[in-house]
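As a plain string of letters, each chain reads:
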Amino acid sequence: MTDGRSSPNTTGEIVVSRLTKIYGNARAVNDLSFRVEPGRVTGFLGPNGAGKTTTLRMLLNLVTPTAGQATIGGRRYADLTDPVRHVGAVLEASSAHKGRTGINHLRVICTAAGLPRSRADEVLTQVGLAPAAQRKFKGYSLGMKQRLGIAAAMLGDPRVLILDEPANGLDPEGIRWMRGFLKSLAAEGRTVLVSSHLLSEMQLLADDVVIIAAGRLIRQGPVDRVIGSMAQTARVRVRSPQAETLRAALEQQSATVDVDDQGALLVRGVDAPTIGRVALAASVELHELATERPDLEGVFLELTAGKAGIR
Amino acid sequence: MSNLVRAELVKIRTTSTWWIMTLIYLPLWGITLAFNWLQTDALTRTRLDDVPAEQSEAVGAVAQPDALAANLYTNGQFFGLLMVMLLGIVVVTGEFFHQTVTTTFLTTPRRSAVVLAKLAATACLALIFWLVTTSANLLAGPAVLEVVGVSAQWGSAVWEAVVLNGLAYLLWAFFGVGLGTLIRSQLGATVTGILLYLGGTIGALTVLVMAANRFGDWINNLQLLVPSLASALMTTGVDIPGEPPRWAGAAVLIGYGLLSGLIGILIMRRRDVS
Ligand SMILES: Nc1ncnc2c1ncn2[C@@H]1O[C@H](COP(=O)(O)OP(=O)(O)OP(=O)(O)O)[C@@H](O)[C@H]1O
Ligand SMILES: [Mg+2]
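Nothing here was measured: the structure is a model prediction, and the numbers come from that model. (Residues numbered from 1 in each chain as written. Chains lettered and ligands numbered in written order. Predicted model: local features only at pLDDT ≥ 70, side-chain atom pairs only at ≥ 80, totals over all residues. Heavy atoms only, no water.)

**Student:** Break down the overall build of chain B for me, with residues and values.
**Tutor:** Secondary structure assignment for chain B yields 11 helices and 0 strands. Going from N to C terminus, chain B has its helices and strands arranged as α-α-α-α-α-α-α-α-α-α-α. Its C-alpha atoms give chain B a radius of gyration of 20 Å, near enough to 19 Å, the size a compact globule of 274 residues would have. On the principal axes, the C-alpha backbone points of chain B span a range of 65 × 45 × 30 Å. The buried share among the 274 residues of chain B stands at 52%. For chain B, the share of sequence-separated contacts (at least 6 apart) that also reach a separation of at least 24 residues comes to 81%. (Helix = DSSP H or I, 4+ residues; strand = E, 2+ residues; numbered from the N terminus. Rg over C-alpha atoms; globule rule 2.2 N^0.38 Å. Buried < 20%, exposed > 50% of the residue type's maximum accessible area, 1.4 Å probe, protein only. Contact = heavy atoms within 4.5 Å.)

Structure representation (structure tokens):
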């Protein structure tokens, strides 16, 4: 695809190893290990309270792990000489001073990180916030705050992006913009780790997923493989005026057939072309023939069933 | 490091706290000037024979022209120190109140450096407060002295008081930063700071005076341990009989200043930001 993927690029790899965080007597994160590769968008998924935010904050040296460690390009965040140029992070939407203008918020970061102040204007334009540059943060909408956070993360042109629920508060246009934006960053060879609850969005965005629940790793891998591993059997939805005839014919082909509440047949065990052929042979008229692929949402709910819930 | 200090100064400059403090401080400065005028006037009229014998020495000391001048040239100290302490508090607690601490520590994971930069930036601000106040005092003070019939004093004792006053501004700014790290709630830290400053001064004075009456004058030396009394002592311009020497006040304040800075760094290094 791109240089970032074909050439071995370990500088942006995120490695979480045996990370644990105990609050009081609750294990917010429990012996969690996973890797995030450069050049791909990795979705970090889990029910409320699963420990996503805590994990990301430990990765960024904001929270001290009880045990284990996390590194970015082989180094802990605290040990990076120039963190802003290596890693961009978007945590919550409200980490700017309410009385400060958007542009000044970015200039403070530029000054502290030794970046030219002109970067502040550049990233504001990049996220489409230039018209609101001189407005105070308290006058920003949720989506504008989120964009300012992304702008701040981009200041140092980092090769690693870490985002905690960045789609929060974005409008459909904004969500589509962000999807394109993050995908293009990954295509440039950067590492993109993004947590989210929006599973349909994740299915469009992510190449890999890391699914956790109750502080533990549930499943990790490329999206297709994770989905495939759960529901090998795709389901085909068939509508026909002669449903009973078709059903009998299909069951002879050792398919399992259910009927939904609208009278459509839900067929498992044979694929759509086979069903078409069977229908033709039996001279049965077809009104609908649709393969329903299992989606990330279904897989997620199945994987985290019983492990979800606020602890 | 200089980048960090500049960033902290930009943070202060791009929010409204500093000019709100200044606006509050201006009338307070005027009030203390009026008060000191009356006091100076009263002291120059006092005949030592009228004063009870055991106090005559002390009153004699503060009525010296040097002491009168020192008092006027350090005018505004009482509220000025309060202001810089509150600024120091806001510089730290504002980060938690507005959740900007996440951004700050992401930008600079070396947290000790962040606290040091905050100390330095607050110190800059405190010195500006001191410089402006002192300039105003050096204009108003001689005028007051002339009105009450004392010639303006420019001796070394006076300058010493002015410089020590600057030190007091610096150290109170440090207390503010230290207090802000100890109590991260903005309201909590502000209220505690004001109580310590005002209540501490008045309360401690009352207790000390009562204790001194009961147990003897050596108790008076304990006022050194009360930061606001130590800083007042430090800037009297002359050593007052029956009270600890000025340098001791300075030493105690420097000790407190360093201690609060150090505690601030230690606390910030460990704290989870979530
Ligand atoms: N500062 C804290 N003190 C005590 N418990 C905490 C703290 N921060 C998080 N927790 C607990 O740790 C667990 C994980 O929280 P975390 O915020 O990491 O979850 P999350 O996966 O980000 O959830 P969400 O999807 O709702 O954002 C929760 O049970 C939470 O109550
Ligand atoms: Mg979260």
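**Student:** Describe in detail the domain arrangement of chain A, supporting the description with residues and values.
**Tutor:** Where interface size is given, it is often the accessible area lost as the parts come together that is meant. Domain annotation of chain A identifies domain 1 (14-228) and domain 2 (235-292). Here the C-alpha centroids of domain 1 of chain A and domain 2 of chain A sit 46 Å apart. (Domains from an automatic or database assignment.)

**Student:** Give a description of the interface of chain A and chain B that names residues and reports values.
**Tutor:** Across the contact, 30 residues belong to chain A and 25 residues belong to chain B. Both sides of the chain A and chain B interface together cover about 2400 Å² of buried area, and 57% of this is carbon and sulfur. It is Leu-62, Arg-100 and Thr-111 of chain A that lose the most area in chain A upon contact with chain B, and together they represent 23% of the buried surface on that side. Taken together, chain A and chain B are joined by 1 salt bridge. In this structure, Lys-21 of chain A engages Asp-272 of chain B in a salt bridge whose closest nitrogen and oxygen atoms are separated by 2.8 Å. Put simply, chain A and chain B have 12 residue pairs in polar contact (both at pLDDT 80 or more) between them. Elements supplying a minimum of two residues to the side of chain A that touches chain B: strand E1 (14-23), helix H3 (83-86) and helix H4 (102-113) of chain A. The greatest single-element share of the side of chain A that touches chain B, amounting to 7 residues, is contributed by H4 of chain A. For the side of chain A that touches chain B, the residue count by class is 15 nonpolar, 10 polar and 5 charged. (Buried area = accessible area lost by both parts, 1.4 Å probe. Salt bridge = Lys/Arg side-chain N within 4 Å of Asp/Glu carboxyl O. Polar contact = N/O pair within 3.5 Å; in protein donor to acceptor, adjacent residues only side chain to side chain. Nonpolar A, V, L, I, M, F, W, Y, C, P; charged D, E, K, R; others polar.)

**Student:** Give me the nonpolar core: which residues, what numbers.
**Tutor:** Counting 95 residues, the largest nonpolar core has Ile-14, Leu-60 and Ile-162 of chain A together with Trp-172 of chain B as the members making the most contacts within it. No other element matches the 14 residues that helix H7 (residues 111-147) of chain B contributes to this core. Membership of the second largest hydrophobic core comes to 55 residues, among which are Val-90, Ala-186, Met-202 and Phe-300 of chain A. (Core = buried A, V, L, I, M, F, W, Y, C linked by side-chain atoms within 4.5 Å.)

**Student:** Run through the packing of helix H2 (residues 17-45) of chain B against helix H4 (residues 65-73) of chain B, naming residues and quoting values.
**Tutor:** All names here are of chain B. Between H2 and H4, the shortest axis-to-axis distance is 10 Å and the interhelical angle comes to 175°. Classed by the angle they form, the pair H2 and H4 counts as roughly antiparallel. Touching Asn-36, Gln-39, Thr-40, Leu-43 and Thr-44 of H2 are Leu-68, Asn-71 and Leu-72, all from H4. (Axes fitted to C-alpha atoms, helices over the stretch in contact; angles between N-to-C directions. Parallel < 35°, antiparallel > 145°, perpendicular 65-115°, else oblique.)

**Student:** Which residues make up the pattern of salt bridges, and what values do they have?
**Tutor:** All names here are of chain A. Counted by the stated rule, this structure contains 21 salt bridges over all chains. Between Arg-40 and Asp-208 there is a salt bridge; the shortest N-O distance is 2.7 Å. Of this pair, Arg-40 sits in the loop between strand E2 (26-36) and strand E3 (41-45) while Asp-208 sits in strand E8 (residues 208-213), placing them 168 residues apart in sequence. The exposure classification of Arg-40 matches that of Asp-208, with both residues buried. Residues Arg-239 and Glu-288 are paired through a salt bridge, measuring 3.9 Å at the closest nitrogen-oxygen approach. Of the two residues, Arg-239 sits in strand E10 (residues 235-239) while Glu-288 sits in strand E13 (residues 288-292), which places them 49 residues apart along the sequence. Accessibility expressed as a relative area gives 29% for Arg-239, which makes it partly exposed. Salt bridges sharing common partners tie together Arg-237, Arg-239, Asp-260 and Glu-288.

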